[in-house]
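These are the residues of each chain, in order.
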Amino acid sequence: MSNSLNILHVADNSYPSIGGVERVIHEVAKRQASRGHRVTVVSQHQNFSSLRSSTFQFEGVTYVKLPRIVFPYLAFAYSERLNPDVVHLNSYLSSSFFSKWGIKEKVVRHIHDVYTSMFQKYFGVNIEHLASKLEKRWTERFDYYMVPSHSTKTKLSRLVGNHKRVWIIPNGVDTSVFRPRHEFPLKKRLGLKEHSKLVGFVGRIAMGKGAFDTYLAVRPFLERDKDTYLVYIGPSETLGTSGQKSALRKIIRQAVLDGLSSKLRYVPPLNDYELASAYSELEVLMLPSVSEGFGLSVLEA
């Protein structure tokens, strides 16, 4: 391909870590690779014990995992060595390095959401003033931005000003996969009867995603109807993965106190076809997030 580009995606987390941002990065990257571009995704290992870099291929994309403890610097150093034509920057941790002259002209900063005063509610960490300053510092020093929605663009403009160039590129899903389908029955997987009614939460089971609020909202229905169940599908978060505070233990503790633990079900992350089948069996999908740039689960459903 004569017009092929050398494209670098930089993210704090990426595949095989599961989440909306990770999903968006991979879907974009693999489509770029399928068009003949050279595509690399650089991110950090999921734990601090991995002290060596590793590389693997997945669906035509090269993934490079760097040690967490020095990830911000190493991501930038890797970029200098790779000399990409364009950098798709999703990382907060390494953003200060990529905002320097000589590299930032190649950078498109992808902002999936803007948290500002909602930081404590979303991440569960009480450092509101410091967090707002850091978010502004890690965000404002670029010239080009991508956002998934008009609402995110509005919030970003308040943070960095209206003079920056911002492209709105909505998230998308593969409609050949995410359509009504029943190959992988969820109720059967959970050992429930066919007439059972399922209320579902799909995504990171984190406080900021509204996972605990989902339980509180559905609790009266669980108490009244013996055939209604609440099922959580997705990764149980820790501060070490996405920075978000897990809600799963709190949900389980509260359900035990309420005598409703038998009405809860947890399913680890599913592949796309299994997930599409699961959506088809839900009566209701819940996503009461504190903030969302563009929630993928609603779009998938």
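Residues numbered from 1 in each chain as written. Predicted model: local features only at pLDDT ≥ 70, side-chain atom pairs only at ≥ 80, totals over all residues. Heavy atoms only, no water.

## Concerning the pattern of salt bridges
Across all of its chains, the model carries 14 salt bridges by this definition. We note a salt bridge from Lys30 to Glu59, for which the minimum N-O separation is 3.6 Å. With Lys30 in helix α1 (residues 20-34) and Glu59 in the loop between β3 (54-58) and β4 (61-66), the pair connects residues that are 29 residues apart, well separated along the chain. Its relative accessible area of 23% is what places Lys30 among the partly exposed residues. When its relative accessible area of 45% is taken as the criterion, Glu59 is described as partly exposed. One salt bridge in this structure joins Lys209 and Glu292, with 2.7 Å as the shortest N-O distance. One end of the pair, Lys209, is in the loop between β9 (197-202) and α8 (211-224); the other, Glu292, is in the loop between β12 (282-286) and α11 (296-300), and 83 residues separate them in sequence. Residues participating in the shared-partner salt-bridge network are Arg23, Glu27, Lys30, Arg31, Glu59, Asp272 and Glu300. (Salt bridge = Lys/Arg side-chain N within 4 Å of Asp/Glu carboxyl O. Helix = DSSP H or I, 4+ residues; strand = E, 2+ residues; numbered from the N terminus. Buried < 20%, exposed > 50% of the residue type's maximum accessible area, 1.4 Å probe, protein only.)

## Details of the nonpolar core
Counting residues in each nonpolar core, the largest one holds 26 residues, and the members touching the most others are Val10, Val42, Val87, Phe98 and Leu156. Those elements that provide at least two residues to this core are β1 (6-10), β4, α2 (71-82), β5 (86-89), β7 (144-147) and α6 (150-160). Of all the elements, α2 adds the most residues to this core, at five residues. Aside from chain neighbours lying at most four places away, what touches Val42 is Leu8, His9, Val10, Ala11, Val64, Leu66, Phe71, Ala75 and Tyr78. (Core = buried A, V, L, I, M, F, W, Y, C linked by side-chain atoms within 4.5 Å. Contact = heavy atoms within 4.5 Å.)

## A look at the packing of aromatic side chains
Any two aromatic rings considered together are summarised by their centre-to-centre distance and by the angle between their planes. By the definition in use, this model includes eleven aromatic pairs. Consider the rings of Tyr15 and Phe56, whose centres lie 6.4 Å apart with planes at 50 degrees: the pair is tilted. In this pair, Tyr15 is assigned in the loop between β1 and α1 and Phe56 in strand β3, connecting sequence segments 41 residues apart. According to the relative accessible area criterion, Tyr15 is partly exposed, its value standing at 29%. On the basis of relative accessible area, Phe56 is assigned to the partly exposed category, the value being 28%. Taking 5.2 Å as the distance between ring centres and 5 degrees as the angle between the ring planes, the aromatic pair formed by Phe56 and Tyr63 counts as stacked. (Phe/Tyr/Trp six-rings, centres within 6.5 Å; stacked < 30°, edge-to-face > 60°.)

## Topic: helix α9 (residues 248-258)
The periodicity of an α-helix, 3.6 residues per turn, causes residues three or four positions apart to be oriented the same way. Three or more residues of α9 are buried, namely Leu248, Ile251 and Ala255. An end-on view of α9 places all buried positions within 65 degrees of arc, on one side of the element. α9 presents Arg249, Arg253, Val256 and Leu257 as exposed residues on the side facing more than 90 degrees away from its buried surface. Contacts made by the buried residues of α9 are with α8, β10 (228-233) and β11 (264-267). Gly259 occupies a position one or two residues after α9 and carries a positive phi of about 70 degrees. (Arc of directions from axis to C-beta.)

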